[in-house]
Amino acid sequence: MIREACFEDLQAILELYLNLHETGIPEESAHLNQTWKTIMEDENHHLIVCETDGRIVSSCVCVIIPNLTRGVRPYAFVENVVTHREYRGRGYATECLAYAKKIAKEKNCYKMMLLTGSKSEKTLEFYRNAGYNSVDKTAFIQWLE
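Residues numbered from 1 in each chain as written. Predicted model: local features only at pLDDT ≥ 70, side-chain atom pairs only at ≥ 80, totals over all residues. Heavy atoms only, no water.

Asks: Would you take a moment to explain helix 3 (residues 92–106) for this structure?
Replies: Side chains that are three or four residues apart share a direction in an α-helix, a result of its 3.6 residues per turn. Counted at 1.5 Å a residue, the expected span for helix 3 with its 15 residues is 21 Å, and the 21 Å between its end C-alpha atoms agrees. Of the residues making up helix 3, those classed as buried are Tyr 92, Ala 93, Cys 96, Leu 97, Ala 100, Ile 103 and Ala 104. Seen end-on, helix 3 carries its buried residues on one side only, within an arc spanning 140°. Of the residues in helix 3, the exposed ones pointing more than 90 degrees away from the buried face are Lys 105 and Glu 106. (Helix = DSSP H or I, 4+ residues; strand = E, 2+ residues; numbered from the N terminus. Expected span 1.5 Å × (residues − 1). Buried < 20%, exposed > 50% of the residue type's maximum accessible area, 1.4 Å probe, protein only. Arc of directions from axis to C-beta.)

Listed below in C-alpha coordinates is the structure:
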(Lines give C-alpha, C1' and ligand atoms only; values in the text may rest on other atoms or scores of the structure.)
Protein backbone atom coordinates (compact mmCIF):
# COMPACT_ATOMS: atom_id res chain seq x y z
CA MET A 1 0.00 0.00 0.00
CA ILE A 2 1.34 3.43 -0.98
CA ARG A 3 0.38 6.35 1.24
CA GLU A 4 1.68 9.47 2.88
CA ALA A 5 3.34 9.01 6.23
CA CYS A 6 1.48 9.78 9.43
CA PHE A 7 2.75 10.87 12.86
CA GLU A 8 2.95 7.26 14.08
CA ASP A 9 5.41 6.29 11.31
CA LEU A 10 8.45 8.16 12.63
CA GLN A 11 10.29 5.20 14.17
CA ALA A 12 9.67 2.94 11.18
CA ILE A 13 10.96 5.61 8.79
CA LEU A 14 14.05 6.22 10.88
CA GLU A 15 14.73 2.48 10.84
CA LEU A 16 14.20 2.36 7.05
CA TYR A 17 16.73 5.18 6.62
CA LEU A 18 19.40 2.80 7.94
CA ASN A 19 19.13 1.31 4.42
CA LEU A 20 19.85 4.70 2.85
CA HIS A 21 22.99 6.31 4.25
CA GLU A 22 22.34 6.68 7.96
CA THR A 23 24.53 4.79 10.39
CA GLY A 24 22.25 5.12 13.39
CA ILE A 25 18.84 6.25 14.52
CA PRO A 26 18.74 9.72 16.08
CA GLU A 27 18.04 9.83 19.79
CA GLU A 28 14.62 10.98 20.90
CA SER A 29 14.85 14.73 21.38
CA ALA A 30 12.84 17.92 21.20
CA HIS A 31 14.67 18.77 17.96
CA LEU A 32 13.77 15.43 16.35
CA ASN A 33 10.14 15.72 17.42
CA GLN A 34 9.87 19.33 16.24
CA THR A 35 11.40 18.45 12.89
CA TRP A 36 8.94 15.57 12.49
CA LYS A 37 6.04 17.84 13.44
CA THR A 38 7.19 20.44 10.90
CA ILE A 39 7.38 17.81 8.15
CA MET A 40 3.99 16.36 8.98
CA GLU A 41 2.28 19.78 9.08
CA ASP A 42 3.87 21.20 5.91
CA GLU A 43 1.36 20.94 3.06
CA ASN A 44 4.23 21.06 0.55
CA HIS A 45 6.26 18.26 2.17
CA HIS A 46 5.09 14.77 1.21
CA LEU A 47 6.80 11.81 2.85
CA ILE A 48 5.57 8.84 0.83
CA VAL A 49 5.79 5.29 2.16
CA CYS A 50 5.14 1.83 0.80
CA GLU A 51 3.83 -0.57 3.40
CA THR A 52 3.71 -4.32 2.92
CA ASP A 53 3.29 -7.10 5.46
CA GLY A 54 2.55 -4.38 8.05
CA ARG A 55 6.03 -2.90 7.55
CA ILE A 56 7.23 0.28 5.84
CA VAL A 57 9.67 -1.07 3.26
CA SER A 58 10.19 1.83 0.86
CA SER A 59 9.88 5.59 0.88
CA CYS A 60 10.65 8.87 -0.82
CA VAL A 61 10.15 12.52 -0.08
CA CYS A 62 8.50 14.89 -2.55
CA VAL A 63 8.66 18.58 -1.74
CA ILE A 64 6.58 21.02 -3.77
CA ILE A 65 8.45 24.30 -4.19
CA PRO A 66 6.51 27.46 -5.05
CA ASN A 67 8.02 29.31 -7.98
CA LEU A 68 7.70 32.66 -9.75
CA THR A 69 8.81 31.43 -13.21
CA ARG A 70 7.21 29.05 -15.73
CA GLY A 71 3.82 30.70 -15.39
CA VAL A 72 4.12 30.81 -11.59
CA ARG A 73 4.01 27.03 -11.52
CA PRO A 74 5.76 25.11 -8.74
CA TYR A 75 8.27 22.32 -9.20
CA ALA A 76 8.83 19.15 -7.22
CA PHE A 77 12.03 17.93 -5.65
CA VAL A 78 12.38 14.23 -4.81
CA GLU A 79 14.84 13.08 -2.16
CA ASN A 80 15.60 10.16 0.16
CA VAL A 81 14.46 7.38 -2.18
CA VAL A 82 15.04 4.17 -0.28
CA THR A 83 13.92 0.55 -0.11
CA HIS A 84 14.82 -1.87 2.64
CA ARG A 85 17.55 -4.25 1.41
CA GLU A 86 15.35 -7.30 1.90
CA TYR A 87 12.59 -5.85 -0.31
CA ARG A 88 14.55 -4.42 -3.25
CA GLY A 89 13.72 -5.34 -6.82
CA ARG A 90 9.98 -5.70 -6.19
CA GLY A 91 8.87 -2.32 -7.58
CA TYR A 92 8.17 -0.61 -4.27
CA ALA A 93 10.37 2.43 -4.91
CA THR A 94 8.88 2.72 -8.39
CA GLU A 95 5.44 2.87 -6.79
CA CYS A 96 6.64 5.58 -4.38
CA LEU A 97 8.03 7.63 -7.26
CA ALA A 98 4.80 7.20 -9.23
CA TYR A 99 2.86 8.49 -6.22
CA ALA A 100 5.21 11.48 -6.01
CA LYS A 101 4.59 12.17 -9.70
CA LYS A 102 0.84 12.03 -9.11
CA ILE A 103 1.18 14.62 -6.33
CA ALA A 104 3.37 16.83 -8.54
CA LYS A 105 0.82 16.72 -11.33
CA GLU A 106 -2.05 17.49 -8.93
CA LYS A 107 -0.08 20.51 -7.67
CA ASN A 108 0.47 21.68 -11.30
CA CYS A 109 4.25 21.31 -11.13
CA TYR A 110 6.07 21.88 -14.38
CA LYS A 111 8.96 19.54 -13.53
CA MET A 112 10.32 17.08 -11.01
CA MET A 113 13.97 16.94 -9.98
CA LEU A 114 15.89 14.21 -8.23
CA LEU A 115 19.51 13.95 -7.19
CA THR A 116 21.38 10.75 -6.42
CA GLY A 117 24.84 10.21 -5.04
CA SER A 118 24.91 6.72 -6.51
CA LYS A 119 27.25 5.92 -9.38
CA SER A 120 25.79 2.43 -9.74
CA GLU A 121 24.53 1.89 -13.29
CA LYS A 122 21.69 -0.22 -11.88
CA THR A 123 20.51 2.70 -9.73
CA LEU A 124 20.90 5.21 -12.56
CA GLU A 125 18.93 2.94 -14.89
CA PHE A 126 16.23 2.65 -12.23
CA TYR A 127 15.81 6.44 -12.27
CA ARG A 128 15.85 6.55 -16.08
CA ASN A 129 13.12 3.91 -16.17
CA ALA A 130 11.11 6.04 -13.72
CA GLY A 131 11.19 8.88 -16.27
CA TYR A 132 14.12 10.97 -15.05
CA ASN A 133 17.05 12.01 -17.21
CA SER A 134 20.51 13.32 -16.46
CA VAL A 135 21.03 15.40 -19.59
CA ASP A 136 18.71 18.41 -19.18
CA LYS A 137 20.36 19.90 -16.09
CA THR A 138 23.70 19.88 -14.32
CA ALA A 139 23.56 19.54 -10.55
CA PHE A 140 26.02 21.12 -8.15
CA ILE A 141 26.12 20.52 -4.43
CA GLN A 142 27.79 22.54 -1.72
CA TRP A 143 27.94 20.72 1.59
CA LEU A 144 27.52 22.94 4.64
CA GLU A 145 29.22 22.19 7.92
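There is more to say after this.
Asks: Just checking my understanding: could you explain a nonpolar patch on the surface for this structure?
Replies: A cluster of nonpolar side chains, contributed by Leu 115, Ile 141 and Trp 143, occupies part of the molecular surface with about 380 Å² of accessible area. Judged by relative accessible area, Leu 115 falls into the partly exposed class, the value being 34%. (Patch = residues over 30% accessible without salt bridge, like charges linked within 9 Å, V, L, I, M, F, W, Y side chains within 5 Å. Areas by Shrake-Rupley, 256 points an atom, 1.4 Å probe, with all protein chains shown as cover. Salt bridge = Lys/Arg side-chain N within 4 Å of Asp/Glu carboxyl O.)

Asks: Mind showing me how you'd approach the nonpolar core here?
Replies: A general tendency of soluble globular proteins is for nonpolar side chains to be buried together. With 21 residues, the main nonpolar core has Ile 48, Cys 60, Val 78, Val 81, Leu 97 and Leu 114 as its most contacted residues. Element by element, the count of residues in this core is highest for helix 3, at seven residues. Apart from the residues within four sequence positions on either side, Val 81 is in contact with Leu 20, Ser 59, Cys 60, Ala 93, Leu 97, Leu 114, Phe 126 and Tyr 127. Grouped together as the second largest cluster of nonpolar side chains are 14 residues, Ile 13, Leu 14, Tyr 17 and Leu 32 included. (Core = buried A, V, L, I, M, F, W, Y, C linked by side-chain atoms within 4.5 Å. Contact = heavy atoms within 4.5 Å.)

Asks: I keep staring at the pattern of salt bridges and nothing clicks. Help me out?
Replies: One side chain can pair with another of opposite charge once the charged atoms of both are near each other. By the definition in use, this model includes seven salt bridges. Where Arg 3 meets Asp 9, a salt bridge forms, and the shortest distance between an N and an O atom there is 2.7 Å. Residue classification places Asp 9 among the buried positions, given a relative accessible area of 8%. Among the ionic pairs, Glu 121 bridges to Arg 128, the shortest N-O distance being 2.7 Å. In the salt-bridge network here, residues are joined through shared partners; they are Arg 3, Asp 9 and Glu 51.

Asks: Sorry if this is basic, but what is going on with the sheet that holds strand 3 (residues 55–65) here?
Replies: Sheet strands pair by backbone hydrogen bonding; their relative direction is either parallel or antiparallel. Strand order in the open sheet made by the five strands is 1-2-3-4-5, with mixed pairing throughout. Of all the strands in the sheet, just strand 1 (2–4) and strand 5 (112–114) have a single pairing partner and so form its edges. Averaged over all pairs of adjacent strands, the angle between their axes in this sheet comes to 30°, without regard to strand direction. The sheet contacts of helix 3 involve strand 1, strand 2 (45–52), strand 3, strand 4 (75–83) and strand 5, and relative to strand 3 the element is tilted by about 25°. (Pairing = 2+ DSSP bridges. Axes fitted to C-alpha atoms, helices over the stretch in contact; angles between N-to-C directions.)

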